[in-house]
Amino acid sequence: MNETLTDRYSDRLAGTLSCYDRIVITGTLPGACYADGMTSYLNAHHIRIFDYPRFAEPLRDRIRETAQALAAGHGVKIEHIAKAHIRKEEVVAAVIKERGDHPGLVHIISAMEACDAYEPWHDKQTHRTFLRHTPGKCLHYYFYFIDETLGLVYLRVPTWCPFRLQFYCNGHSRLACVLTAEGIDYAMADNAFIRIDDWARAQELADDFAPDSLHAILDRYAQQCCPVLDVFGRPYHWSLMQVEYSTDLVFRSEAVMKPLYEALSRQAIFSVKAEQVATFLGKKITSQLAQELGSRFATRIEGTCIKHHLGKVSVKMYDKFGRVLRLETTTNDVSFFKHYRKVEHRDHHETREVAPLKKTIYSLVDLRGILLGCNRRYLEYLSALDDFSAGDRNLERLT
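Owing to the predicted nature of the structure, the values given are computational and were not obtained by experimental measurement.

The rules behind each value
- Residues numbered from 1 in each chain as written.
- Predicted model: local features only at pLDDT ≥ 70, side-chain atom pairs only at ≥ 80, totals over all residues.
- Heavy atoms only, no water.
- Helix = DSSP H or I, 4+ residues; strand = E, 2+ residues; numbered from the N terminus.
- Buried < 20%, exposed > 50% of the residue type's maximum accessible area, 1.4 Å probe, protein only.
- Contact = heavy atoms within 4.5 Å.
- Areas by Shrake-Rupley, 256 points an atom, 1.4 Å probe, with all protein chains shown as cover.
- Lys, Arg positive; Asp, Glu negative; His and termini not counted.
- Charge placed at Lys NZ, Arg CZ, Asp CG, Glu CD.
- 1 Å grid on protein atoms, 1.4 Å probe; cavity = no way out; pocket = protein on both sides within 12 Å on 5 of 7 lines; lining within 4 Å.
- Points joined across faces, edges and corners; volume = space filled by probe spheres on them.
- Core = buried A, V, L, I, M, F, W, Y, C linked by side-chain atoms within 4.5 Å.
- Polar contact = N/O pair within 3.5 Å; in protein donor to acceptor, adjacent residues only side chain to side chain.
- pLDDT = per-residue confidence, 0-100.
- Salt bridge = Lys/Arg side-chain N within 4 Å of Asp/Glu carboxyl O.

## Concerning the overall build of the protein chain
Of regular secondary structure, the protein chain possesses 13 helices and 15 strands. Overall, the C-alpha framework of the protein chain stretches about 80 × 55 × 40 Å when taken along its three principal axes. Burial analysis of the protein chain (399 residues in total) assigns 49% to the buried set. Contacts in the protein chain between residues at least 24 apart in sequence constitute 66% of all its contacts with a sequence separation of at least 6. Just so you have it, the protein chain exposes about 20,200 Å², and 50% of that area is on carbon and sulfur atoms. Seen as two clouds, the 51 positive and the 51 negative side-chain charges of the protein chain have centres 5 Å apart.

Right under this line is the structure:
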């Protein structure tokens, strides 16, 4: 393996860290997540299809009452946001600045947003009466908590059936909580660590992200904020919607980082082609992928971020505060990646073969290694680019 940037700048790096960053998880009720399933549920419980709105309205009211009770019990107000340009993250950050970062309910935001919805329908040709999917809008509640083990999280709860939940957490915030519990001192800028007293131990803790404990936390917040499980009789199924995994090279000074990033970003814009991105993502060029490469590949400059996009997966490089060079792989469809796993066939016999990654949260264990490999291959590519930053620093010093 050729020398990488971490080897070349080992004496100028405070440390390196690979960690999950943004994780967005969806929660669906197994018996209600599809129109056919909801139709079967109503039929099994002897509820007329055209009485579906009458069935859903009391559940909507139950969620509204729960939100009001939580707000009153924790001394917070439900803030309605009607304008799209208002960033919820900024609203919550202002609340945290005033209240502090102690665990508990931070804020509740309500907003009218698009949601999954069903409508009763009678087909005159087949004489079937059923529910069919229709786009709709309903009131959503965003429950923001500071969790003892995950840091700042939110649960997005729609007030209309089928109550598809969305949960957000950040791997760096979770690691900060674990470091605090372990007594390891650190300093952060936004969601990046710029100092950790024990980088090696921090990496071990970042890798120890147990889906079992995450599942328990998800179930607890679902029960607390969306109390409809007693009606459907099944727990929520949690699946991965969006995952970001980052590798940070933390430099000791901005003087080294700035010219290096400028040199790498200039070359990455022009030199990275679709074939290289496929290699970063562990893909071989096949006829099927070649069509996708031709139509869905893009390299974009987003501020100080260089982003290479292939379908629903991207690899990007950007600097944070002039101290951290971050390489990050983001996927909106984890089944894009394949790995060797057990596969159950329709006739119920099992084999082990290469198959797409499952979307369940339990894939986080295998996904970590896959995304880390993507970041490492991107790092190796960047390490092979010409580095004129030392000359730039010398010229700046002389002039």
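## Thoughts on the layout of surface pockets
Counted as a void, the largest pocket has a volume near 1,500 Å³. The wall of the largest pocket is formed by 43 residues, among which L152, Y168, N170, S173 and D190 lie closest to the centre. If one sorts the elements of the lining of the largest pocket by residue count, helix α4 (residues 88-99) sits on top with five residues.

## Focus on the nonpolar core
Counting 96 residues, the largest nonpolar core has M38, F232, Y236 and M317 as its most contacted members. When residues in this core are grouped by element, the largest group, ten residues, is from helix α12 (residues 364-383). Beyond its immediate sequence surroundings of up to four residues, F232 is in contact with L29, A32, M38, Y41, F55, L59, C161 and F163.

## Here's the deal with the environment of P120
Here P120 is to be found in strand β3 (residues 104-123). P120 sits 15 residues away from P135 along the chain, and the two C-alpha atoms are 13 Å apart. Look past the residues within four positions of P120 in its chain and what remains in contact with it is I49, F50, Y52, P53, F130 and L131.

## What to know about the side chain of D21
Mapped onto the elements, D21 comes out in strand β1 (residues 13-28). Polar contacts involving the side chain of D21 include one to the side chain of N170, which spans 3.1 Å. Look past the residues within four positions of D21 in its chain and what remains in contact with it is C169, N170, G171, H172, N191, E244, Y245, S246, R326 and E328.

## Quick word on the confidence of the model for the protein chain
Taken as a whole, the protein chain shows an average pLDDT of 89; of its residues, 92% reach a score of 70 or greater. Confidence scores differ between elements of the protein chain, with helix α11 (residues 287-296) showing the lowest mean pLDDT of 55 and strand β6 (residues 165-170) the highest of 98.

## A look at the pattern of salt bridges
A pair can form between side chains of opposite charge whenever their charged atoms are brought close. Counted by the stated rule, this structure contains 19 salt bridges. The closest approach of N and O atoms between K88 and E113, which form a salt bridge, is 3.3 Å. Of this pair, K88 sits in helix α4 while E113 sits in strand β3, placing them 25 residues apart in sequence. One exposure class covers both K88 and E113, and it is buried. Ionic pairing is found between D333 and K359, a salt bridge with its closest N-O pair at 3.7 Å. Of the two residues, D333 sits in the loop between β13 (324-331) and β14 (338-344) while K359 sits in the loop between β15 (350-356) and α12, which places them 26 residues apart along the sequence. Residues joined in a network through salt bridges with shared partners are D21, D248 and R326.

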